[in-house]
Amino acid sequence: MRRLWPLLGVARTQLGGSRYTTAASTAAPERSSMPASHSRRQRRRLQEPTSAARSATAMAATAPVEHTRTPLPAASANTASGTTTTTLCDIGINLKGSEDVAGLARRAADAGVKLIVITGTSRKSTLHARDVCREASDQLPVQLFYTAGVHPHTARQCREADVAMFEELFKTDSRCVAVGETGLDYHRMLSPRDQQLRSLDWHLRAAKRLDAPLFLHERDADERTARRGSHVDLVEALDRHDIAPGRVCVHCFTSNNKADLADYVRRGFMVGVTGFVCKRERGKHLAEAIAEGTLPLDQLLIETDSPYMAPPKWRGGRKNEPASLPLVAQRLAELYGVTADHIAERTTANAATFFGLGQR
């Protein structure tokens, strides 16, 4: 854990001392000028100093965002690859058990991704993530952490004893940094609604007892079918268990419903954004919401959700991995009107604070 602290913080000297670069961005100034279409209020908001120590109470009191339609910045044509020596944190990757973890870690480090959180989506995957962190982490050029939970897709298989085991892992293993992935998926409904809610309830109880961060999944039916209410059910469950807003991350946000994103922000939740935001058509609504100022930088986390959610210009093909994270940072920089370096610094600090990386 001693190697971690030089990687954390917002100061440039703490984050590697050199610029974040991509094929489209070399010798860029520390902060690029904002697009003219951004309002003065938006520019002030996006350029605020980071507030990594902001309390959950203050986050929960975030005022509703005024939505001002702004032209959507075009994606850079030259972001097919990206490297950085500035520390990035990938808050969510999935391991299937057959990966070359050493090669994946080496490519991630070469791209500037030095902190990685492995997502636990079942009892088996959680234990695999634990073993990878224990056995390989000290020999890798990245710092590995993991979460412990059961994905809503397999909620029907979740047992209360599984969640008790996750709770014990969080208590005894400093690399276990959150409860989850848990939540609700009413898009595919691979587990019945009542079983998803039951599994979610067990996870929320454990997180409340532990005062642990929650790593949440929420996806409703798409726009072609009637919404089934996963957003409403999720926030009601969080309210019922009196979960502190600053302990919640809704990861891999992909909804085209901007009101859902605005509600999460108003409640003070952190929101994870993936390469989905780089997709020209499917990610358009999310990109518009970010450009309009809906998601403040101090509530933003970034992730690959690999091997899924590959950015369109990722040279690794359909199989995503942490090394693609600079492409997500670059696209977000275009949408926020700041440098990719600034996105890297802010989101790494946010992740360190939210997960308590190196603090347990």
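Refer to the structure above for everything that follows.
**Topic: the overall build of the protein**
Part 1 of the argument: A count of helical and extended segments in the protein gives 11 helices and 10 strands.
Part 2 of the argument: Per-residue burial over the protein gives 58% buried out of 360 residues.
Part 3 of the argument: Taking contacts inside the protein between residues at least 6 apart in sequence as the whole, the part at least 24 apart equals 79%.
Part 4 of the argument: Total accessible area on the protein is roughly 15,000 Å²; 49% of this is exposed by carbon and sulfur atoms.

**Points about the pairing of strand S9 (residues 270–273)**
Part 1 of the argument: The alternating pattern of S9 places Met-270 and Gly-272 and Val-271 and Val-273 on opposite faces, both of which are buried.
Part 2 of the argument: Each parallel crossover has a hand, and for strand S8 (residues 248–250) linked through helix H8 (residues 258–267) to S9 it is right-handed.
Part 3 of the argument: Pairing between S9 and strand S10 (residues 300–302): 3 bridges, direction parallel. Residue pairing for S10: Val-271 is matched across the bridge by Leu-300.
Part 4 of the argument: Between the parallel elements S9 and S10, the chain passes through helix H9 (residues 284–291) in a crossover that is right-handed.

**Quick notes on the nonpolar core**
Part 1 of the argument: Counting 76 residues, the largest nonpolar core has Ile-118, Leu-238, Val-277, Leu-332 and Tyr-336 as the members making the most contacts within it.
Part 2 of the argument: At 7 residues, the largest contribution of residues to this core is made by helix H10 (residues 325–336).
Part 3 of the argument: Not counting chain neighbours up to four residues away, the residues in contact with Ile-118 comprise Ile-93, Leu-95, Ala-129, Val-132, Cys-133, Leu-144, Phe-145, Tyr-146 and Thr-147.
Part 4 of the argument: In this structure, Cys-89, Leu-115, Val-117 and Leu-357 belong to the second largest nonpolar core, which totals 15 residues.

**Let's talk about the sheet that holds S9**
Part 1 of the argument: If you trace the 8 strands from one edge of the open sheet to the other, you get S3-S4-S5-S6-S7-S8-S9-S10, paired in parallel fashion. Across the chains shown, the open sheet's two edge strands, defined by having one partner strand only, are strand S3 (88–93) and S10. Direction aside, neighbouring strands of the sheet carry axes that sit 30° apart on average.
Part 2 of the argument: Examined bridge by bridge, strand S6 (residues 176–185) and strand S7 (residues 214–219) share 5 bridges and lie parallel to one another. Bridging across to S7, Thr-182 finds its partner in Leu-216.

**Quick notes on the side chain of His-251**
Part 1 of the argument: Counting through the fold element by element, His-251 comes out in the loop between S8 and H8.
Part 2 of the argument: Within the structure, the side chain of His-251 is placed 2.7 Å from the side chain of Glu-303, a separation counted as a polar contact.
Part 3 of the argument: If we ignore the near neighbours within four places in the chain, the residues touching His-251 are Glu-181, Phe-215, Leu-216, His-217, Gly-272, Glu-303 and Asp-305.

**Here we look at the pattern of salt bridges**
Part 1 of the argument: In the structure shown here, the tally under the stated rule is 17 salt bridges.
Part 2 of the argument: The shortest N-O distance in the salt bridge between Asp-138 and Arg-175 comes to 3.6 Å. Of this pair, Asp-138 sits in the loop between helix H4 (123–136) and strand S5 (143–148) while Arg-175 sits in the loop between helix H5 (160–172) and S6; the two residues are 37 residues apart in sequence, bridging distant segments of the chain.
Part 3 of the argument: Arg-175 sits in the buried class, given a relative accessible area of 10%.
Part 4 of the argument: The salt bridge involving Glu-334 is made with Arg-331; its shortest N-O contact spans 3.1 Å. Of the two residues, Glu-334 and Arg-331 are both situated in helix H10; the distance of 3 residues between them amounts to about one turn of the helix. Comparing Glu-334 with Arg-331 shows no difference in burial state: the two are buried.
Part 5 of the argument: Because the salt bridges share partners, they merge into one network encompassing Asp-239, Asp-263, Arg-266 and Arg-267.

Parameters at a glance
Residues numbered from 1 in each chain as written. Predicted model: local features only at pLDDT ≥ 70, side-chain atom pairs only at ≥ 80, totals over all residues. Heavy atoms only, no water. Helix = DSSP H or I, 4+ residues; strand = E, 2+ residues; numbered from the N terminus. Buried < 20%, exposed > 50% of the residue type's maximum accessible area, 1.4 Å probe, protein only. Contact = heavy atoms within 4.5 Å. Areas by Shrake-Rupley, 256 points an atom, 1.4 Å probe, with all protein chains shown as cover. Right-handed = clockwise from strand over helix to strand, strands pointing away. Pairing = 2+ DSSP bridges. Core = buried A, V, L, I, M, F, W, Y, C linked by side-chain atoms within 4.5 Å. Axes fitted to C-alpha atoms, helices over the stretch in contact; angles between N-to-C directions. Polar contact = N/O pair within 3.5 Å; in protein donor to acceptor, adjacent residues only side chain to side chain. Salt bridge = Lys/Arg side-chain N within 4 Å of Asp/Glu carboxyl O.

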